[in-house]
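Structural overview for review
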Amino acid sequence: MRSKTVDRLLKSTPKDVEIFVDWYADLVVRINQLLRENDISKKELAEKMDKKPSEISKWLSGEHNFTLRSLAKLSAELGEPLLEVPKKKAQTEFVEDGFMCRVHTFVSYTKLDTKTSGKVWQFAEETEPYNELSNAG
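For the structure given in this document, a descriptive report is provided here. Per chain, residues are indexed from 1 in the order of the written sequence. Thresholds applied to this predicted model are a pLDDT of at least 70 for local features of residues and 80 or more for the giving and counting of side-chain atom pairs; totals over whole chains, interfaces and linings are not thresholded and use all residues. Heavy atoms from the whole structure form the basis of all side-chain values; hydrogens and water molecules are not counted.

Observations concerning the environment of Asn-32
Basically, it comes down to this: For the purposes of this entry, the term helix denotes a DSSP run of H or I that reaches at least four residues, the term strand denotes a run of E that reaches at least two, and both are numbered from the N terminus. By the convention used here, residues are in contact when the closest approach between their heavy atoms is within 4.5 Å.
For Asn-32, the position within the fold is in helix 2 (residues 15–37). On a C-alpha basis, the gap between Asn-32 and Leu-60 in space is 7.9 Å, while along the polypeptide they are 28 residues apart. Setting aside chain neighbours within four positions, we find Asn-32 in contact with Lys-42 and Leu-60.

Structural data, given as structure tokens:
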């Protein structure tokens, strides 16, 4: 059972802090998974990235704020994307039963394993349109 103080603190935490903590935790977990999957030690990663092992430890312990540059370098060394930002491809608006409806389509890139040419970036298949009205609630 949580105390009232803990509940009050959780309720007063700004949304951006919640998002930051979630993203940071997800990144650290994913980086550690990739290190294990590829049998790479933190020391080896530091050498590949021309960093000190202590800096890699800070990255993976929550004592460092990742930059886009450091995430790009990590992605390059680990051979996997660490961030995906959906790119808006199109938006369609129409009126149905007196309601304004918007349909968004996003394009995403996925790294796929292919037996002939190794890992390559490709367009993912087009996703189903998202209708805010029919998917609300």
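Here we look at helix 5 (residues 68–78)
Formally: Throughout this description, buried means an accessible area under 20% of the type-specific maximum (1.4 Å probe, protein chains only), exposed means over 50%, and partly exposed covers the range between. In this description, one arc is meant: the one made by directions from the helix axis to the C-beta atoms.
All of the buried residues along helix 5 are Ser-70, Leu-71, Leu-74, Ser-75 and Leu-78. With its buried residues spanning 140° around the axis, helix 5 presents them on a single face. Within helix 5, the exposed residues directed more than 90 degrees away from the buried face are Leu-68, Arg-69 and Ala-76. If you follow the buried residues of helix 5, they end up packed against helix 2, helix 3 (42–48) and helix 4 (53–59).

Some points on the layout of surface pockets
Here is the rule: Detection works on a 1 Å grid of protein atoms alone, calling trapped sets that fit a 1.4 Å probe cavities and calling open sets with protein on both sides within 12 Å along at least five of seven lines pockets, with lining residues defined by an atom within 4 Å of a point. Grid points are joined across faces, edges and corners, and a volume is the space filled by probe spheres set on the points. Nonpolar residues are Ala, Val, Leu, Ile, Met, Phe, Trp, Tyr, Cys and Pro. Charged residues are Asp, Glu, Lys and Arg, and all others, Gly as well, are polar.
Taken as a whole, the largest pocket holds about 250 Å³ of empty space. If you go around the largest pocket, the residues you meet are Phe-20, Trp-23, Tyr-24, Leu-27, Asn-65, Phe-66, Thr-67, Leu-68, Leu-71, Leu-83, Glu-84 and Val-85. Elements represented by at least two residues in the lining of the largest pocket include exactly helix 2 and helix 5. Of all the elements, helix 2 adds the most residues to the lining of the largest pocket, at four residues. Residue classes in the lining of the largest pocket are distributed as nine nonpolar, two polar and one charged.

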